[in-house]
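Chain residues, written in single-letter form:
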Amino acid sequence: MLRIDGAHAFYGHIQALRGVSLDVQEGEIVTLIGANGAGKSTLLMTVCGNPRAAAGEILFRGEDITRWPTHRIARAGIAHAPEGRRIFPRMTVMENLQMGAVAAAEDDARRAARLEHVFGLFPRLAERRFQRGGTLSGGEQQMLAIGRALMSGPKLLLLDEPSLGLAPIMVRTIFDAIATLNREDGLTVFLVEQNAYMALRIAHRGYVMVNGAIAMSGDAAALLADEEVRAAYLDGGHGKIAAGEGGAP
Amino acid sequence: MTTAATDRETPPFAAAAREAALTAAVALALTGPMIGLHAASQATGLVIETRWPEVAIAVALVFLGRFLLALLGRAFVWPVLAAGLAVAGGGLFVPFPNALLKAVCVAGGLIVALRAALMLVRPRMTAAARAKPALAARWVAPAAGAAMTAFALLLPVMPFADRQLLDLATLVVIYILLGWGLNIVVGLAGLLDLGYVAFYAVGAYSFALLAQYFAFSFWEALPLAGLFAAMFGVLLGFPVLRLRGDYLAIVTLGFGEMIRIVLTNWVALTRGPNGISGIPKPSFFGAPFARSPPEGTEAFHQIFDLAFSPMHRVIFLYYVALTLALLANVFILRIRTLPIGRAWEALREDEIACRALGLNPTSIKLSAFSLGAMFGGIAGCVFAARQSFISPESFSFIESAIILAIVVLGGMGSQIGVVCAAVLLIGLPEWFRELQDYRMLAFGGLMVMIMVWRPRGLLSHRDPTVRLPAARETPP
């Protein structure tokens with residue numbers, strides 16, 4: 001569904017991506033893990049055309065979207081829940097969700113069905129629909145960011161660090177919701193995460209990024225069991241849990 | 001100042017009296033030479049007159065005032081309120097050696113009484129104030145809007161409505177229209193525009209020039225003035241698409257000046273600083289407001305069989321401005337709930353998120369600029385009709401600043417706030433014109449006070465565009 005072929009990207013003179021290639025198949029959850037500053041978020045932003053890839057190709061459902069403007073990429077069916085959530089703080093939950101549906105030119109019935117779907121996935125949002133976005137808790141804001149992205153009825157959902165700054169129980173709720181979306185609706189998800197353990201548990205496949213290039217890739221379960229990955233990204237914080245539930249995924 | 005320790009030992013009256021005596025001693029030291037000794041010129045030359053009674057009264061007033069305030073600090077609220085009112089009332093009747101002392105006595109008594117009254121009211125207000133925002137959102141704002149609209153509609157038939165007042169009211173309505181237009185750009189879309197006066201000028205000059213060269217009437221020129229201004233809005237919008245904040249403000253400021261300078265220097269077309277005069281007034285569906293209309297046309301007073309009065313034209317122009325403003329209000333309130341209006345607000349909140357949602361910032365910004373400019377142009381057209389004479393001088397930077405002040409003071413994005421601020425900023429200074437130079441002082445003081453007490457504007461509450469109906473569907 002999404003194929004990135006040898007993408008290079010720069011911030012000014014600093015090279016952030018050094019020939020990244022990866023692909024996401026329809027119906028998959030693919031995760032990209034890596035340390036802070038490895039270029040994970042940059043890759044997601046490059047898919048959205050900001051910054052634009054200096055070299056390489058980005059294909060979405062066979063079409064070359066490398067040079068498309070950001071809003072056109074979003075309209076083509078790639079929804080992006082950006083890093084730091086970026087909800088509209090002074091607008092209500094309802095208005096935030098409606099903003100997500102603006103770009104998708106659809107009739108009211110489809111839109112209402114989408115809204116019900118989002119509320120079904122995150123009942124908490126339904127309770128707070130007239131509350132201002134800025135007054136929600138971090139976890140609720142993340143739900144809102146994902147819900148808003150879903151309102152356009154995307155074919156591919158890009159998630160940038162949905163666990164950022166959330167309590168462990170909230171992280172679990174969010175990841176459960178992502179897994180549900182994939183399992184029940186067949187939504188394709190490309191997930192960028194620092195929380196490698198949680199990400200690899202729900203993903204089908206994973207890529208590991210180091211210094212702007214893909215260092216390793218493979219089956220999520222295999223990566224989770226891999227000695228190198230464990231040493232670099234897992235044993236620090238989640239080593240014990242991983243050891244206890246090693247065979248689970 | 002007495003300390004807490006001495007307070008405990010001495011009874012409150014004695015402590016207050018001592019504090020007052022200290023202050024009175026300072027007052028005596030100051031007023032003795034300044035008021036007590038007065039150099040008067042007489043036939044024999046300068047002589048020094050003494051005015052000891054005045055000094056005694058001034059010191060007594062200072063003692064009394066300080067004593068009452070000191071008691072107020074010791075929680076004697078009701079007695080101080082009564083005493084303050086008594087002093088103020090007594091000051092009105094007791095003869096004073098000069099008027100200034102009388103004024104000080106009355107004003108001082110009132111201030112003391114006011115402070116006492118505030119102390120009585122304040123604890124009760126906090127509880128009510130807490131419940132206020134929710135109420136304000138539900139019905140206070142619409143009710144106030146309806147009341148203001150009714151007042152505005154009935155203004156010409158009020159007994160106190162004279163020609164001068166209606167003329168001023170028309171100007172206020174023009175500024176309300178300008179404020180609402182700029183509110184789209186600054187309040188909703190969050191794009192700081194310091195050159196809004198350019199669109200006002202474009203609207204005014206469109207009408208003036210069309211009338212001058214092609215004999216267009218007000219009604220023919222009105223839509224064109226809005227259209228031209230909107231085109232200039234797009235023209236300004238394109239180069240500033242990538243700018244935000246301070247940089248945007250600088251470029252728009254420059255744009256405003258450019259228009260004014262072009263108008264000043266393009267003498268062949270605009271007659272430069274001499275301005276354009278003889279701009280026609282709007283007609284009533286083709287019927288002019290003239291005592292003796294030209295051949296073949298019937299004047300307004302003839303159609304309705306009224307005695308001719310120059311007031312008709314003033315009233316009509318007021319209603320034209322008011323109608324346009326009300327239409328603009330309905331338009332803006334409606335568009336806020338539509339995707340494009342929602343997108344303006346979203347753009348103000350977070351541009352990156354907007355892009356991620358598939359919104360095109362270019363078209364959103366351009367639509368905000370052009371619609372805001374359109375209302376500016378329409379306001380300019382009405383302004384030109386009101387003045388019948390315009391020159392580039394009317395469109396200097398200070399106008400932009402005033403319109404922006406109306407938007408900011410009103411609370412960004414608030415429709416009623418703009419009305420309040422326009423009345424305050426345009427109406428009051430004109431009203432108190434007799435006070436001459438002091439009015440600008442008072443005006444500046446007022447602005448400072450509002451920014452101290454209400455830094456986010458008079459009405460900074462943002463109304464959500466969706467509410468209750470959907471809430472009823474969900475059972476608790």
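Residues numbered from 1 in each chain as written. Chains lettered and ligands numbered in written order. Predicted model: local features only at pLDDT ≥ 70, side-chain atom pairs only at ≥ 80, totals over all residues. Heavy atoms only, no water.

A. Main features of the overall build of chain A. Each helix and strand in chain A was counted, giving eleven helices and ten strands. Here the C-alpha atoms of chain A give a radius of gyration of 18 Å, agreeing with the 18 Å that 2.2 N^0.38 yields for 249 residues. Principal-axis analysis of the C-alpha atoms places the extent of chain A at approximately 50 × 45 × 30 Å. Per-residue burial for chain A yields a buried fraction of 53% across its 249 residues. Long-range contacts, defined here as pairs at least 24 residues apart, represent 66% of the contacts in chain A between residues at least 6 apart. Surface summary for chain A: the accessible area is close to 10,200 Å², and the carbon and sulfur share equals 49%. Mean positive and mean negative side-chain charge positions of chain A (26 and 27 charges, respectively) differ by 6 Å. (Helix = DSSP H or I, 4+ residues; strand = E, 2+ residues; numbered from the N terminus. Rg over C-alpha atoms; globule rule 2.2 N^0.38 Å. Buried < 20%, exposed > 50% of the residue type's maximum accessible area, 1.4 Å probe, protein only. Contact = heavy atoms within 4.5 Å. Areas by Shrake-Rupley, 256 points an atom, 1.4 Å probe, with all protein chains shown as cover. Lys, Arg positive; Asp, Glu negative; His and termini not counted. Charge placed at Lys NZ, Arg CZ, Asp CG, Glu CD.)

B. Just the packing of aromatic side chains, in detail. For the structure shown, the criterion picks out 19 aromatic pairs over all chains. Arranged with centres 5.1 Å apart and planes meeting at 45°, the rings of F300 of chain B and F304 of chain B form a pair that is tilted. Under the relative-accessibility criterion, F304 of chain B is labelled partly exposed at 44%. Summarising the aromatic geometry, the rings of F383 of chain B and F395 of chain B are spaced 5.9 Å apart at their centres and angled 75° between planes, so their arrangement reads as edge-to-face. Taken together, the residues span a long stretch of sequence, with F383 of chain B in helix 15 (residues 361–387) and F395 of chain B in the loop between strand 4 (389–390) and helix 16 (397–410) at a distance of twelve residues. The buried category is assigned to F395 of chain B, whose relative accessible area is 2%. Members of the aromatic cluster, each reached through a chain of ring pairs, are F284, F289, F300, F304 and F316 of chain B. A cation over a ring is seen here: R72 of chain A above W68 of chain A, with NZ or CZ 3.8 Å from the ring centre. Here the basic side chain of R148 of chain A rests over the ring of F88 of chain A, its NZ or CZ set 4.8 Å away from the ring centre. (Phe/Tyr/Trp six-rings, centres within 6.5 Å; stacked < 30°, edge-to-face > 60°. Lys NZ or Arg CZ within 6 Å of the ring centre and 35° of its normal.)

C. Broad picture of the confidence of the model for chain B. Residue and element names in this part refer to chain B. Averaged over every residue, the pLDDT of chain B is 82; residues scoring 70 or more account for 87%. The low-confidence segment residues 468–476, where pLDDT is below 50, has six contacts with residues more than four positions distant or belonging to other chains. Model confidence for the complex: the whole-complex pTM is 0.73, and ipTM, which rates the interface, is 0.81. (pLDDT = per-residue confidence, 0-100.)

D. Fine view of the sheet that holds strand 8 (residues 188–193) of chain A. Residue and element names in this part refer to chain A. Strand order in this open sheet of six strands is 6-7-8-3-9-10, and the pairing throughout is mixed. Strand pairing shows two members of the sheet lacking a second neighbour, strand 6 (78–81) and strand 10 (213–219), which therefore form its edges. For this sheet, the mean angle separating the axes of adjacent strands, direction not counted, is 15°. Note: strand 9 (residues 205–210) against strand 10, six bridges, orientation antiparallel. In the strand pairing of strand 10, R205 is matched with D219. Sitting on the sheet, helix 1 (residues 40–47) touches strand 3 (29–34), strand 6, strand 7 (156–160), strand 8 and strand 9, and the angle it makes with strand 8 is about 145°. (Pairing = 2+ DSSP bridges. Axes fitted to C-alpha atoms, helices over the stretch in contact; angles between N-to-C directions.)

E. Local environment of the sheet that holds strand 4 (residues 55–60) of chain A. Residues and elements named next belong to chain A. One open sheet accounts for four strands, arranged 2-1-4-5; its pairing is antiparallel. The sheet is open, and its two edges are formed by strand 2 (14–24) and strand 5 (63–64), each paired on a single side. Pairing between strand 1 (residues 2–11) and strand 2: eight bridges, direction antiparallel. When the bridges of strand 2 are listed, A9 appears paired with L17.

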